[in-house]
Amino acid sequence: MKFLTQKTRACLIIDLVVGRGELADAEWERIAPLLPQVDGRGRPWRDHRQVVNGVLWRLRTGAPWRDLPERYGPWQTVYYRFARWEADGTWAKLLVHAQVQDDASGQVEWTVSVNSTVNRAHQHAAGARKRGPQTGDEPDDPGRSQVRQALGRSRGGLTTKVHLAVDGRGLPLSIVLTPGNVNDATAFGLVLDGIRVPRAAAGRPRTRPDRVLGDKAYSSMAIRRLLRRRGISATIPERRDQEANRRRRGAVGGRPPAFDQEVYRCRNVVERCFARLKQFRAVATRFDKLAGHCRAGVVVASLILWLRASAG
């Protein structure tokens, strides 16, 4: 390499750095047909792959949109494309497509684990415009605006809680955002309802896992009754206070819920999923003012996990 000019060396170094964290050819080929195509009206799209790689760079680094490197094009283009595809459901459609393909090939494991993680909100995440119906959010009530944008105030400041349901491989099937001070059990119904994988052929979408694994935060009669009504097996440990109360009541307290310790050991896949998602710094710390944009970032990161799991 000593025979190369300084300019050539610089170009080679740039070429080596550009590909870090971007879409591989096989990953791009899976999602490219689903992206909006040129319809002959208006200006043509900037290269979709360049824009998607720009979105991934911002998710991976957590940098402001304005600091996007020039190789991804104008930052305004990348940001508005990200926001537009969040609004019209393109990102969600890409994630569902990856789930459908894996389910059709039998790769999805329907032993589902649920849990949540609290993400600290950066100071720039607060202050979204208080727009919306007057009945749901008055302009002079910032507290309700924060709730609508999935921001909750705790002792450490503003936080957002990400609730996930993942399959047996630790890949997200359902994503729900709530304020950080919301109890896990409160959001369980929304997380369960978010599991919806369409069939590749004819048939209803699959919405019912074989089994649900959860920690003691999900140990409630309402959750166990919901799972029993839907015909879903539950592996959730009983809390100590519930166990003590049941024993205190004697025969009236009923039998302890069934619990398989060996099966419960598989619940850590959801914790490993959170660890992989938080490698994207814009997911680990919330910088987006709008809850929709924040959730879209989690969806894009989840899409990458699905694509790379299939490739592996």
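Owing to the predicted nature of the structure, the values given are computational and were not obtained by experimental measurement. (Residues numbered from 1 in each chain as written. Predicted model: local features only at pLDDT ≥ 70, side-chain atom pairs only at ≥ 80, totals over all residues. Heavy atoms only, no water.)

For the rest of this paragraph, the subject is the pairing of strand 4 (residues 172-179). Of all eight residues in strand 4, eight are buried, a share of seventy percent or more. Of the strand pairs in this sheet, strand 3 (residues 157-166) and strand 4 are connected by seven bridges, and their pairing is antiparallel. Each residue of the ladder has a partner; that of valine 166, found in strand 4, is proline 172. As consecutive antiparallel partners, strand 3 and strand 4 are separated by five residues, and within that stretch glycine 170 has a phi angle of approximately 85°, a positive value. (Buried < 20%, exposed > 50% of the residue type's maximum accessible area, 1.4 Å probe, protein only. Helix = DSSP H or I, 4+ residues; strand = E, 2+ residues; numbered from the N terminus. Pairing = 2+ DSSP bridges.)

Below, the discussion takes up the pairing of strand 3. With 10 of 10 residues buried, strand 3 is to be regarded as a mostly interior element. In this structure, strand 2 (residues 152-154) lies alongside strand 3, joined through three bridges in antiparallel fashion. What sits directly across from arginine 153, in strand 3, is leucine 158. Counted between consecutive antiparallel strands, the loop separating strand 2 from strand 3 contains two residues.

Our next topic: the pattern of salt bridges. Pairing between side chains becomes possible if they bear opposite charge and their charged atoms approach one another. Inspection of the entire model under this criterion finds 11 salt bridges. The partner of aspartate 25 in a salt bridge is arginine 49, with the nearest N and O atoms 2.8 Å apart. Of this pair, aspartate 25 sits in helix 2 (residues 25-31) while arginine 49 is found in helix 3 (residues 48-61), placing the two residues 24 residues apart along the sequence. For the salt bridge of aspartate 210 with arginine 206, the shortest nitrogen-to-oxygen distance reads 2.8 Å. Residue classification places arginine 206 among the buried residues on the basis of a relative accessible area of 19%. Connected through salt bridges with shared partners, the residues Asp102, Asp167 and Arg169 form a single ionic network. (Salt bridge = Lys/Arg side-chain N within 4 Å of Asp/Glu carboxyl O.)

Take unusual backbone geometry next. Glycine aside, residues mostly have negative phi, and peptide bonds are mostly found in the trans state. In this structure, alanine 150 is a non-glycine residue whose phi angle is positive, near 60°. Along the chain, the position of alanine 150 falls in the loop between helix 6 (142-148) and strand 2. Assessed through its relative accessible area of 4%, alanine 150 is described here as buried.

With that settled, the discussion passes to the side chain of glutamine 99. Within the secondary structure, glutamine 99 sits in helix 5 (residues 90-104). We classify glutamine 99 as buried; its relative accessible area is 2%. Within the structure, glutamine 99 has its side chain in polar contact with the backbone oxygen of proline 172 (distance 3.1 Å). Here glutamine 99 is in contact with Val108, Pro172, Leu173, Arg196, Val197 and Trp306, once residues within four sequence places are set aside. (Polar contact = N/O pair within 3.5 Å; in protein donor to acceptor, adjacent residues only side chain to side chain. Contact = heavy atoms within 4.5 Å.)

Of the residues in the protein, 87% have a pLDDT of 70 or more, and the chain-wide mean is 86. Within the model, pLDDT remains below 50 along residues 1-18, and this stretch shows seven contacts once partners closer than five positions in the same chain are excluded. Taken together, the stretch residues 133-140 has pLDDT below 50 and engages in nine contacts with residues farther than four places along the chain or on a different chain. (pLDDT = per-residue confidence, 0-100.)

Let's shift gears to helix 5. Counted at 1.5 Å a residue, the expected span for helix 5 with its 15 residues is 21 Å, and the 21 Å between its end C-alpha atoms agrees. Among all positions in helix 5, only Thr90, Trp91, Leu94, Leu95, Ala98, Gln99, Val100, Asp102 and Asp103 are buried. The elements touched by buried residues of helix 5 are helix 2, helix 3, helix 4 (75-87), strand 4 and helix 13 (291-311). The first or second residue beyond helix 5 is glycine 106, which carries a positive phi of 75°. (Expected span 1.5 Å × (residues − 1).)

What follows concerns the packing of aromatic side chains. Tallied over the entire structure, the rule returns seven aromatic pairs. Taking 5.4 Å as the distance between ring centres and 40° as the angle between the ring planes, the aromatic pair formed by tryptophan 65 and phenylalanine 82 counts as tilted. Note that tryptophan 65 is positioned in the loop between helix 3 and helix 4 and phenylalanine 82 in helix 4, a separation of 17 residues in sequence. By relative accessible area, tryptophan 65 is classed as buried at 10%. Taking the centre distance of 5.2 Å and the plane angle of 70° together, the rings of tryptophan 85 and tryptophan 91 count as edge-to-face. Judged by its relative accessible area of 1%, tryptophan 85 falls in the buried class. (Phe/Tyr/Trp six-rings, centres within 6.5 Å; stacked < 30°, edge-to-face > 60°.)

As enumerated under the stated definition, the model contains one cavity of 30 Å³ or more in all. Every residue lining the largest cavity is listed: Leu23, Ile31, Val52, Leu56, Trp91, Val300, Leu303 and Ile304. When contributions to the lining of the largest cavity are tallied by element, the ones reaching two or more residues are helix 3 and helix 13. Of the residues forming the lining of the largest cavity, the biggest block, three residues, is contributed by helix 13. (1 Å grid on protein atoms, 1.4 Å probe; cavity = no way out; pocket = protein on both sides within 12 Å on 5 of 7 lines; lining within 4 Å. Points joined across faces, edges and corners; volume = space filled by probe spheres on them.)

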